[in-house]
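A structural walkthrough
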Number of protein chains: 2
Amino acid sequence: MSQAGIDLGSSMGYLLKEASSALRAAMEEVLRPLGMTVTHYSCLELLAQRPGSSNSDLARGAFVTRQSMNVLLQNLERDGYVTRPAEAPVGKALPASLTPRGRRSLEQATAAVRSVEVRMLAGLTDADRSVAFRALQTMVRSLRGGDG
Amino acid sequence: MSQAGIDLGSSMGYLLKEASSALRAAMEEVLRPLGMTVTHYSCLELLAQRPGSSNSDLARGAFVTRQSMNVLLQNLERDGYVTRPAEAPVGKALPASLTPRGRRSLEQATAAVRSVEVRMLAGLTDADRSVAFRALQTMVRSLRGGDG
DNA sequence: TGACTCATGTCAGGAGTCTGACATACGGTT
DNA sequence: AACCGTATGTCAGACTCCTGACATGAGTCA
């Protein structure tokens with residue numbers, strides 16, 4: 001054979017998927033008792049850090065489509081975690097904000113997720129973390145570049 | 001506020017998700033012209049490297065459920081990319097293998113995916129890659145440990 | 001002013017995946 | 001031999017998310 005396939009054991013791509021999958025599973029595990037999914041949490045966290053984000057902003061930040069985020073936002077709004085004005089102040093974008101209830105809910109989730117991230121990084125030195133972090137940033141930039 | 005949320009811009013977890021998402025998008029882009037999804041490709045690649053894998057083996061390797069992989073395998077079998085014996089040689093596990101057609105199909109996909117991985121790693125030195133690779137391995141191990 | 005481009009919110013339909021459940025097969029323990 | 005725990009393949013139902021499409025609003029340029 002001229003090409004011997006991609007060795008999964010030494011493939012950065014496969015490992016990346018593996019790590020992402022393990023992280024997601026760990027997050028789901030700690031968020032489930034709070035009645036929250038990962039996308040649900042991501043939405044709240046994004047809103048806390050970027051108040052007034054639109055549906056599309058949140059979708060990009062949580063790596064889902066506008067349609068999926070919209071469904072989630074409608075539920076969060078119905079349950080009183082998030083508020084959106086009835087009319088757009090400018091354009092069509094509706095700026096969303098956390099309610100006090102949403103903020104309280106997020107606090108618990110943040111603590112849970114933080115513990116997962118701490119556990120994930122436990123075995124790494126600060127230097128390792130820095131290199132890995134910058135490497136991942138570089139990978140994202142290269143992948144998004146389209147043709148490098 | 002006692003806790004200031006998780007800063008997404010400096011969160012390893014968020015960056016990991018970002019990288020994984022970018023990688024998946026890039027893979028989908030190059031696999032779509034071949035009429036292949038990422039899971040589809042993963043299944044073929046796994047079978048090439050671990051011939052005789054069972055449905056459950058493949059599901060674990062591709063990070064999906066047995067049920068999802070089974071649907072995929074049935075389609076691949078129907079279309080002549082994969083073969084499985086009618087009866088299990090031992091237990092219930094049916095060892096799957098690539099057909100010549102499956103192998104040909106995989107060759108193209110492998111080349112496409114390899115180019116994505118090359119692009120992803122383009123801006124990194126060998127040393128950076130090594131550190132990042134080991135860091136990711138450590139993260140996976142820590143996350144799976146349950147309580148570190 | 002009018003035409004073009006882009007981003008946004010929203011609706012409908014469909015593909016992919018998951019949860020839940022059941023029967024079967026192996027291994028270890030009593 | 002009988003039991004139990006684990007792993008597997010499979011079926012059915014539901015859910016999530018995506019693709020495709022449309023109308024609206026803002027900005028740009030002639």
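Procedures and definitions
- Residues numbered from 1 in each chain as written.
- Chains lettered and ligands numbered in written order.
- Predicted model: local features only at pLDDT ≥ 70, side-chain atom pairs only at ≥ 80, totals over all residues.
- Heavy atoms only, no water.
- Helix = DSSP H or I, 4+ residues; strand = E, 2+ residues; numbered from the N terminus.
- Rg over C-alpha atoms; globule rule 2.2 N^0.38 Å.
- Buried < 20%, exposed > 50% of the residue type's maximum accessible area, 1.4 Å probe, protein only.
- Contact = heavy atoms within 4.5 Å.
- Areas by Shrake-Rupley, 256 points an atom, 1.4 Å probe, with all protein chains shown as cover.
- Near = heavy atom within 4 Å.
- Polar contact = N/O pair within 3.5 Å; in protein donor to acceptor, adjacent residues only side chain to side chain.
- Nonpolar A, V, L, I, M, F, W, Y, C, P; charged D, E, K, R; others polar.
- Buried area = accessible area lost by both parts, 1.4 Å probe.
- Salt bridge = Lys/Arg side-chain N within 4 Å of Asp/Glu carboxyl O.

Attention now moves to the overall build of chain A. Helix and strand counts for chain A stand at six helices and two strands. In chain A, the succession of helices and strands from N to C terminus is α-α-α-α-β-β-α-α. Computed over the C-alpha atoms, the radius of gyration of chain A is 19 Å, more than 25% above the 15 Å expected from 2.2 N^0.38 for a compact globule of 148 residues. On the principal axes, the C-alpha backbone points of chain A span a range of 60 × 35 × 30 Å. In chain A, which comprises 148 residues, the share counted as buried stands at 44%. Pairs at least 24 residues apart make up 45% of the contacts formed inside chain A by residues separated by at least 6 positions. Total accessible area on chain A stands at roughly 7800 Å², and carbon and sulfur atoms take up 50% of it.

Another point: the protein's contact with DNA strand C. Close contacts around DNA strand C come from 17 residues, with A:Ser56, B:Thr39, B:Gln67, B:Ser68 and B:Lys92 the closest. Among all atoms of DNA strand C positioned within 4 Å of the protein, those belonging to sugar or phosphate total 56%. For DNA strand C, a phosphate oxygen lies 3.3 Å from a polar atom in the backbone of B:Gly91. Mapped by element, the contributors of at least two residues to the surface near DNA strand C are helix H3 (55-62) and helix H4 (66-78) of chain A together with helix H4 (66-78) of chain B. Residue composition of the surface near DNA strand C, by class: three nonpolar, ten polar and four charged.

Another aspect to go through is the interface of chain A and chain B. At the interface, 60 residues of chain A touch 58 residues of chain B. Carbon and sulfur atoms supply 68% of the area buried between chain A and chain B, which totals about 5600 Å² over both sides. Interface area lost by chain A to chain B is led by A:Ile6, A:Phe63 and A:Leu143, which between them contribute 13%. The interface formed by chain A and chain B holds two salt bridges in total. In this structure, the salt-bridge partner of A:Arg144 is B:Glu18, at a minimum N-O distance of 3.6 Å. Viewed at the interface, chain B and chain A are joined by 19 residue pairs in polar contact (both at pLDDT 80 or more).

As a further point, take unusual backbone geometry. A positive phi angle, near 65°, is found at A:Phe63, a position not held by glycine. Judged by its relative accessible area of 23%, A:Phe63 is partly exposed.

Right, let's talk about the protein's contact with DNA strand D for a bit. By nearness alone, 20 residues border DNA strand D, and A:Thr65, A:Gln67, A:Ser68, A:Lys92 and B:Ser56 come closest of all. Here, DNA strand D places atoms within 4 Å of the protein, and 54% of those atoms are sugar or phosphate. Contact between DNA strand D and B:Ser56: a phosphate oxygen at 2.6 Å from a side-chain N or O atom of the residue. Measuring from a base oxygen of DNA strand D, one finds a side-chain N or O atom of B:Lys92 at 3.3 Å. For the surface near DNA strand D, the element with the highest residue contribution is H4(B), accounting for four residues. For the surface near DNA strand D, the per-class residue count stands at three nonpolar, eleven polar and six charged.

Limitation: the analysis is restricted to geometry and does not speak to function.
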